[in-house]
Amino acid sequence: MGDVAITVPVIRALVQQNPNVRITMVSRPFFQSFFDDIPNVDFFAVDVKGRHKGFLGLLKLYTDLKQLNIDAVADLHNVLRSQIIRTLFVLNGKKVAFTNKGRAEKKALTRAENKIFKPIKTMVERHVETFKKLGFNVDLSSPKFPKKKNISNEILKVSGEKRKDKWIGIAPFAQYESKVYPQDLMQQVIDDLASDTKNKIFLFGGGNKEIEILNTFAKRKENVINVAGKLNLPQELELISNLDVMLSMDSGNAHIAAMLGTKVITLWGATHPFAGFAPFNQPIENGLVSDRDKFRLLPTSVYGNKKVEGYEEAMRTISPAIVIEKIRVKIA
């Protein structure tokens, strides 16, 4: 989800600055709402469980896309499936470019020995380079974001009206445990923020286990609302666009909020914003990282999928007081 959300600011800027360009975004149908408000962008939903499943399905996908009379292909994913598709377009004489994910630089940043600890090019910058190879200049120095979305009646039934209160989103989960702030510390953050009745806190997540934890976070607090399981993705986008700030792990929710122009504060455990996945257009100080003096091998992973013995508690070095103060400054 985060990988797709990262592309949104680039696509938006591309069509704004090149009005004669029309984009066909090819992705899973779940992500279509990410692009609904961008003019000159069509969405092609890939049926990975049906027509486009397997190798023969890839050939059908190529055939389907070929019928759209595409002039050029930008492979922003650069995995085996997209590599096969772009190769077929090359054989058909089409201009193709792909995103260099910087795997060597990421490996140097996360390895235990001879670590090179410095920021590498962001994925947004890498996508811009991809379009540049196709002859399109994209300038992200002064990005334009969509207007705050109108809140529908269905969402108002969950959120209530926004008046003078501050709306704070919290997305406390990530794909891997090494990127998740400890539950007891997150409870401290939520309790403190909820003690101010001028704050309204919305909790984001999905799945029965996460919903159960979110219900615990929200227990007996009128101004803490668990929206997990109550809103679909387009509705969540409406709500997130109206937040004053989003607190997220290194996860897709951070990139969704950033693509909508919402302020984002991120917490980093085994991973690090230097790896190129910091949310778009957010100041570096909005990324709160674990203590590298105590945990010298950090970052140990690009995606958080590698476990390092003794590093399970790294995120406890991010104090709840620091998180709370950062949020208060952003909503002041």
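Scroll up to find the structure this text is about.
Below: a short report on this structure. If you're wondering where the values come from, they're calculated on a predicted model, not measured in any experiment.

1. Focus: unusual backbone geometry
Inference 1: In this chain, Leu-298 is followed by Pro-299 through a cis amide linkage whose omega measures -10°.
Inference 2: Locating Pro-299 in the fold gives a position in the loop between β10 (287-289) and α11 (320-331).
Inference 3: Positive phi, normally seen in glycine, also occurs at Arg-220, with a value near 60°.
Inference 4: Tracing the sequence through the fold places Arg-220 in the loop between α8 (208-218) and β7 (224-226).

2. Here we look at the sheet that holds strand β6 (residues 199-203)
Inference 1: Strand order in the open sheet made by the six strands is β7-β6-β5-β8-β9-β10, with parallel pairing throughout. At either margin of the open sheet sits one strand with a lone partner, and together these are β7 and β10. When the angles between neighbouring strand axes are averaged without regard to direction, this sheet yields 20°.
Inference 2: Examined bridge by bridge, strand β5 (residues 166-171) and strand β8 (residues 245-249) share four bridges and lie parallel to one another. Bridged to Gly-169 within β8 is Met-246.
Inference 3: Across the sheet, helix α7 (residues 183-194) touches β5, β6, β7 and β8, and the angle it forms with β6 is around 145°.
Inference 4: Seen against the sheet, helix α10 (residues 252-259) touches β5, β8 and β9 (264-268) and runs at an angle of roughly 155° to β8.

3. Considering the packing of α7 against α8
Inference 1: It is at 9 Å that the axes of α7 and α8 come closest, and there the two elements cross at 40°. The angle between α7 and α8 falls in the class oblique. Crossing of α7 over α8 shows right-handed handedness. The segment α7 lies against α8, with Gln-183, Met-186, Gln-187 and Ile-190 engaging Ile-213, Thr-216 and Phe-217.
Inference 2: Here the contact of α7 with α8 is composed, by residue class, of four nonpolar, three polar and no charged.

4. Some words on a nonpolar patch on the surface
Inference 1: Taken together, Phe-55, Leu-56 and Leu-59 make up a surface patch of nonpolar side chains, about 310 Å² in accessible area.
Inference 2: Assignment of secondary structure puts Phe-55 in helix α2 (residues 54-66).
Inference 3: Classification of Phe-55 as exposed rests on a relative accessible area of 51%.

5. What to know about the nonpolar core
Inference 1: With 54 residues, the main nonpolar core has Phe-34, Phe-35 and Phe-204 as its most contacted residues.
Inference 2: Looking at this core, the elements that each hand over two or more residues are α1 (2-17), β1 (23-27), β2 (41-45), α5 (123-133), β5, α9 (233-241) and α10.
Inference 3: Discounting chain neighbours no more than four positions away, the residues touching Phe-34 are Met-1, Val-4, Ala-5, Val-8, Leu-233, Leu-237, Ile-256 and Met-259.
Inference 4: If you look at the next biggest cluster of nonpolar residues, it comprises 32 residues, including Leu-185, Ala-194, Ile-213 and Leu-214.

About the thresholds
- Residues numbered from 1 in each chain as written.
- Predicted model: local features only at pLDDT ≥ 70, side-chain atom pairs only at ≥ 80, totals over all residues.
- Heavy atoms only, no water.
- Helix = DSSP H or I, 4+ residues; strand = E, 2+ residues; numbered from the N terminus.
- Pairing = 2+ DSSP bridges.
- Axes fitted to C-alpha atoms, helices over the stretch in contact; angles between N-to-C directions.
- Contact = heavy atoms within 4.5 Å.
- Parallel < 35°, antiparallel > 145°, perpendicular 65-115°, else oblique.
- Left-handed = near helix turned anticlockwise from the far one by under 90°.
- Nonpolar A, V, L, I, M, F, W, Y, C, P; charged D, E, K, R; others polar.
- Patch = residues over 30% accessible without salt bridge, like charges linked within 9 Å, V, L, I, M, F, W, Y side chains within 5 Å.
- Areas by Shrake-Rupley, 256 points an atom, 1.4 Å probe, with all protein chains shown as cover.
- Salt bridge = Lys/Arg side-chain N within 4 Å of Asp/Glu carboxyl O.
- Buried < 20%, exposed > 50% of the residue type's maximum accessible area, 1.4 Å probe, protein only.
- Core = buried A, V, L, I, M, F, W, Y, C linked by side-chain atoms within 4.5 Å.

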